[in-house]
Amino acid sequence: MPFILVTHEHQSGELSRSSRHWRDREEAAQSLCDWVEKVAENFLPDDRFTWVILLRAASIASGTGYVIFEGICTKAVIEVDRPEQPIEELEDRVRRRLAEIESCGHSAKPTS
C-alpha cells in the first residue's frame, strides 16, 4: 500500500495531504525528515536554539514518521488505500493517527 504525508493545521483544524506518495513508510518518513531539515536550513546561523530544535524534530520525524510543531501543525506519514485518495476519505484515519501521536508526547518544542 502507498504512503502519503498529511498535515493538521493547529489553528484552523484543517487537514491536507501531500500530492506525492511513497511505496514504503521509511521513504515517506525520510521525505518528512528532509523537509524539516530544509526548514532548519532557512534559519539564520545565530538562531542556534531554533536550529537545534528543528534538527531534533527532523530526527523524530525520521524515526517515528511524524513531527509536531506546537501551535502550528503536525505532519505525519499515513498509509492509504490508493495514491490519489482525497483527504476527505482519510479524515477518520488521520484523526485516529493524530490522537495516537498526541498520546506519545513528541514535539518540536523545548521541555522545561
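Higher on the page you've got the structure.
A quick note: this is a predicted structure, and the numbers were derived from the prediction, not measured.

Looking at the pairing of strand 3 (residues 66-69)
(1) Moving on: Residues of strand 3 alternate between two faces, with Tyr66 and Ile68 on one and Val67 and Phe69 on the opposite face, all of them buried.
(2) Moving on: Pairing of strand 3 with strand 4 (residues 73-79), which is carried by four bridges, proceeds in the antiparallel orientation. If you follow Ile68 over to strand 4, its bridge partner there is Thr74.
(3) Moving on: The antiparallel pairing of strand 3 with strand 4 creates a hairpin that spans three residues between the two strands, and Gly71 there sits at a positive phi of about 80°.

Quick look at the pattern of salt bridges
Note on pairing: side chains with opposite charge can pair once their charged atoms come close.
(1) Moving on: Scanning the model with the defined rule gives five salt bridges in all.
(2) Moving on: Salt-bridge contacts for Glu84 lead to Arg82; the nearest nitrogen and oxygen are separated by 3.2 Å.
(3) Moving on: The salt bridge partner of Arg82 is Glu89, with a shortest N-O separation of 2.9 Å.
(4) Moving on: Taking relative accessible area as the criterion, Glu89 reaches 46% and is therefore assigned partly exposed.
(5) Moving on: Through salt bridges that share partners, Arg82, Glu84 and Glu89 make up one connected network.

Some points on the sheet that holds strand 2 (residues 15-17)
Strand-to-strand pairing in sheets goes through backbone hydrogen bonds, with the strands running parallel or antiparallel.
(1) Moving on: Strands sit in the order 2-1-4-3 across an open sheet of four strands; the sheet is antiparallel. Taken across any chain shown, the strands that pair with only one partner, and hence form the sheet edges, are strand 2 and strand 3. Ignoring which end each strand starts from, the neighbouring axes of this sheet average 25° apart.

Let's talk about the packing of helix 1 (residues 25-41) against helix 2 (residues 48-64)
(1) Moving on: In the contact formed by helix 1 and helix 2, the axes pass within 7 Å of each other and the chain directions differ by 175°. Taken together, the axis directions place helix 1 and helix 2 in an arrangement best described as roughly antiparallel. Where helix 1 abuts helix 2, its residues Arg25, Ala29, Gln30, Leu32, Cys33, Val36, Glu37, Val39 and Ala40 lie against Trp51, Leu54, Leu55, Ala57, Ala58, Ala61, Ser62, Gly63 and Thr64.
(2) Moving on: Grouping the constituent residues of the contact of helix 1 with helix 2 by class yields twelve nonpolar, four polar and two charged.

Analysis parameters
- Residues numbered from 1 in each chain as written.
- Predicted model: local features only at pLDDT ≥ 70, side-chain atom pairs only at ≥ 80, totals over all residues.
- Heavy atoms only, no water.
- Buried < 20%, exposed > 50% of the residue type's maximum accessible area, 1.4 Å probe, protein only.
- Helix = DSSP H or I, 4+ residues; strand = E, 2+ residues; numbered from the N terminus.
- Pairing = 2+ DSSP bridges.
- Salt bridge = Lys/Arg side-chain N within 4 Å of Asp/Glu carboxyl O.
- Axes fitted to C-alpha atoms, helices over the stretch in contact; angles between N-to-C directions.
- Parallel < 35°, antiparallel > 145°, perpendicular 65-115°, else oblique.
- Contact = heavy atoms within 4.5 Å.
- Nonpolar A, V, L, I, M, F, W, Y, C, P; charged D, E, K, R; others polar.

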